[in-house]
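# Residue-level structural notes
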Amino acid sequence: METPALDQLCINTVRTLAMDAVQQAESGHPGTAMALAPLAYVLWQRHLRYNPANPDWADRDRFVLSCGHACMLLYSTLYLTGYDLGLDEIKQFRQWGSRTPGHSEHGVTPGVEATTGPLGQGTGNAVGMAIAEAQLAALFNRPGHEIVDHHTYFLASDGDLMEGISHEACSLAGHLKLGKLIGFYDDNHITIDGDTALAFSDDTAKRFEAYGWHVQRVSDGNDLEALDRAIQKARQATDQPSLIIVRTHIGWGSPHKQDTAEAHGAPLGVDEVKLTKQKLGWPTLETFHVPDEALAQWRRARERGGRLEAEWRKKWEGYRKAHPELGAELERRLAGKLPDGWDAALPLFGPKDAQATRAASGKVLNALAPKLPELIGGSADLAGSNNTDIKGGGPGRNFHFGVREHGMAAVVNGICLHRGFIPFCGTFLIFSDYMRPSIRLAALTHLRPIYVFTHDSIGLGEDGPTHQPIEQLSALRAIPNMTAIRPADATEVVEAWRAAILHTSGPVALVLTRQKVSVVDRATYAPAAGLHRGGYVLADEPGGKPEIVLMGTGSEVELVLGAYEKLKADGRKPRAVSMPCLEFFAKQPQSYRDSVLPPGVPRVAVEAGAPMSWYRWVGERGVIVGIERFGASAPYQRIYKELGLTVERVVTEAKTLLA
């Protein structure tokens, strides 16, 4: 039973665990956890629908700690409520191999819904989760059977709201009227450099009201009843997302460091921890002490959570009986299983179907869409250019993200984290730079968004160097667990989409041309299915023992094949290789890689971009025909010629190597 004294003991248990863990690690952020312990207690004890015994219960509420540096708040709460996270893991905070890393990571710690750290990302993820919930509810709920019905909560700091990504994501959330999205703003007035007044004087309430949010203030972050009332009101605002601005005091209870930047990103110090415990009236100076009565109160969440999930499962059984087809479909989608025949209607392209690979991508997308209802997405105000519209897709299939690349990528990550969809998003390749933090987190978290990046090179022509990507391909390839596919023609686009749908352990970027490219005659050259191995032999000299290997990606495969035919006509023994995905190729057995790129045979790589990702594959004797400067504004044919990306140049480089 709750009493004021027991409530305070439970709250102070979070505070002392945060202090002790950070102090033992000699690293971390104790102050925010100490300030927000009352909010965590009210939310997790009275409002949040979750079951510690089953962190993946489909209709649980989601909680995203956008200020990931305050992860000791979350770890303490997860431990105390009974998730599979023991006190020993709290003691191993920030240590090698522990489940309590320095910023919370999804897939590492049970109950952590999103990998957060770079500020603002979690806020965008929460918007994506709320979008996924609203869309699944619209698709699957039926009168008397609201089987998808949960809230998404997030906790943001001053830093989260300063970062531009939060402006993009929260503006979109207001526009979409996401009534089941509830955010908390920890208004503690402190950043690492000092008081927020140094650089931040926004009227946050007015800002969010202008976005279309329902906004409340709680003037005292220790007032449990005020926090409780604010959350209840936020849940009642069903036609607007809600923000609750909570005035807190960082390092609350610390005699010398409360309300100072010193409480933000460093241990309080052994002496200050002792003084703080004494001020809090803590019963012992022993580290990591958890009072039995506090643990018992927190652990009531197990019984409550089990009851909530059992009630939902009873509803689920009734839903499945009333709507068996819908139930089976929702179950399939939440499990991430592909439907039978999902790729049966993919288009076929022939030599007469010359087109930009972005155009081919749009056709493949629209062939997939009827078979894959979970495939949803859109672009950053570039749907017509990216060819990302699903024609006749119905409500919710096509997203209008607006000119918000940074927010778009974080939102798509949130949709992935929620489950039930395979989301894609599109923009020009040059603007992948705006998306890079979210792309990196998708790769780190093994999420599966699909990025449709068009206008992939100097081939976009007249728009000039500001829009012509040079280093972006190499930059994407540098991200661990990221897969970039640059198809050579329409037939490879088909296989690229197939590969992207099948790839479940990280993000995939489809890198596509603006300009038309010819379609490789697959009756003459090798089938495009070789794309799934990353690189494959397109054409070879009759004996299969080439004296030179020419390889390329995307639109430059035309140059490779042109040079191959010229060298062959000159009596040389060339091999032409398409290398649409360096990541797939790197994962092939050495024997296969050697069969495509024979050791000791000189190689020429051709790609209209920075050459750095090719050095591994050309070897010491190889040459890379690439670009190490910015582009220019002109018709793309002229730019290719001026920058030396021509068949003649490739032939010359090959003959020089052979000489």
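Look above for the structure.
Remember, it's a predicted structure, so these values are computed and weren't measured experimentally.

## So, the overall build of the protein
Looking only at helices and strands, one finds 25 helices and 20 strands in the protein. Taking 26 Å as the expected radius of gyration for a compact globule of 659 residues, we find that the protein reaches 28 Å, a close match to that expectation. Seen through its principal axes, the protein has C-alpha atoms that stretch 90 × 60 × 45 Å. Residues classed as buried in the protein amount to 62% of the 659 residues present. The positive charge centre, built from 69 side chains, and the negative charge centre, built from 76, are 5 Å apart in the protein.

## Here we look at the pairing of strand β6 (residues 214-218)
For β6 and strand β7 (residues 242-247), the ladder comprises five bridges, and the chain directions are parallel. Each residue of the ladder has a partner; that of V215, found in β7, is L243. Of the crossover connections in this fold, the one passing from β6 over helix α9 (residues 224-236) to the parallel β7 is right-handed.

## Here we look at the sheet that holds strand β18 (residues 574-578)
The mixed open sheet is built from five strands, whose spatial order is β16-β18-β17-β19-β20. At either margin of the open sheet sits one strand with a lone partner, and together these are β16 (536-539) and β20 (623-625). Here the average twist between neighbouring strands, direction ignored, is 30°. Alignment of strand β17 (residues 548-552) against β18, held across five bridges, turns out to be parallel. Bridging from a neighbouring strand, V549 pairs with R575 of β18.

## Some details on the sheet that holds strand β11 (residues 422-428)
Strand order across the open sheet formed by six strands is β10-β9-β11-β12-β14-β13, with parallel pairing between neighbours. The open sheet has two edge strands with one neighbour each: β10 (398-400) and β13 (483-485). The mean inter-strand angle of the sheet, taken between neighbouring strand axes irrespective of direction, is 20°. Here strand β9 (residues 375-379) runs beside β11; their pairing, made up of five bridges, is parallel. What sits directly across from G377, in β11, is F424.

Scoring rules and cut-offs
Residues numbered from 1 in each chain as written. Predicted model: local features only at pLDDT ≥ 70, side-chain atom pairs only at ≥ 80, totals over all residues. Heavy atoms only, no water. Helix = DSSP H or I, 4+ residues; strand = E, 2+ residues; numbered from the N terminus. Rg over C-alpha atoms; globule rule 2.2 N^0.38 Å. Buried < 20%, exposed > 50% of the residue type's maximum accessible area, 1.4 Å probe, protein only. Lys, Arg positive; Asp, Glu negative; His and termini not counted. Charge placed at Lys NZ, Arg CZ, Asp CG, Glu CD. Pairing = 2+ DSSP bridges. Right-handed = clockwise from strand over helix to strand, strands pointing away. Axes fitted to C-alpha atoms, helices over the stretch in contact; angles between N-to-C directions.

Purely geometric numbers; function is a separate question.
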